[in-house]
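Survey of secondary and tertiary structure
Here is what each chain is made of, one letter per residue.
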Amino acid sequence: MISLKICIKIFVSYALCIGIANAHIVLADQLAAAGSYYKATLRVGHGCGDEPTTAIIVKIPVGFEGAKPQPKFGWSLTIKKEPLSKPFKSHGKTITEDVVEIKWEANSKDFYLPNEQFDEFSFSTRLPAKSGPHWISVRQECTKGVNDWAEVPSSGTSTKGLKSPAALLELLPSQVNHQH
Ligand SMILES: [Cu+2]
């Protein structure tokens, strides 16, 4: 698996380096403003070994509010909700439970994602207000075998040396304090 490193300079003083693995499961946009509404696009670069992908299951991290999947033709959606330890307000209503898991599953083998191809699975969410790195765990199921993209480095944000890292999202401090 090849990976290269790119550095992005934001504003004058804020520089971030992010490892872009062209395989694995990574987010198309790995930088976002804390507290903003964000479209998370998970790019699935390969199958399990040579086996095609049959399902993608995303664990929505704590603090990511109101996650909503983008449907995919030929794939069924399952959305799992759980009660929140800290209810929050949205559009004047108190939200007491929220989405914790989204699953896309191919309806038949016609829709399996072959190892030779890539695809994207998206959901929208409101991001936590606190800046810093967040890791999104993804389970990839194939006709044979499973990849658990859940490894997180003990410190920092480099995924070097990790066999199946979780998808990294870096939240930048936001100037705007918008209450939706
Ligand atoms: Cu990979």
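Structural notes, computed from the coordinates. Within each chain, residue numbers correspond to sequence positions counted from 1 in written order. Since the coordinates come from a predicted model, pLDDT governs what is reported: local features require at least 70, and pairs of side-chain atoms require 80 or more to be given and counted, while whole-chain, interface and lining totals use all residues.

**Considering the sheet that holds strand β10 (residues 119-126)**
For the record, the criterion: Note on pairing: DSSP must find at least two bridges between two strands before they are called paired. Strands are runs of DSSP state E lasting at least two residues, helices are runs of H or I lasting at least four, and both sets are numbered from the N terminus onward. The axes used here are C-alpha line fits, helices contributing only the stretch in contact, and every angle between their N-to-C directions lies in the interval 0 to 180 degrees.
Here we have 4 strands laid out as an open sheet, ordered β3-β5-β10-β7, and antiparallel in their pairing. Of all strands in the sheet, those bounded by a partner on one side alone are β3 (25-27) and β7 (65-69). In this sheet, adjacent strand axes meet at a mean angle of 25° when their direction is disregarded. Bridging between β7 and β10 involves 3 bridges; their strand directions are antiparallel. Directly across from Glu 65, in β10, lies its bridge partner Arg 126.

**Focus: the environment of Glu 120**
Basically, it comes down to this: We call two residues in contact when their backbone-placed C-beta atoms lie within 7 Å.
Structurally, Glu 120 is set in strand β10. On a C-alpha basis, the gap between Glu 120 and Gly 45 in space is 8.8 Å, while along the polypeptide they are 75 residues apart. Setting aside residues no more than four positions away along its own chain, Glu 120 makes contact with Ala 28, Thr 41, Leu 42 and Arg 43.

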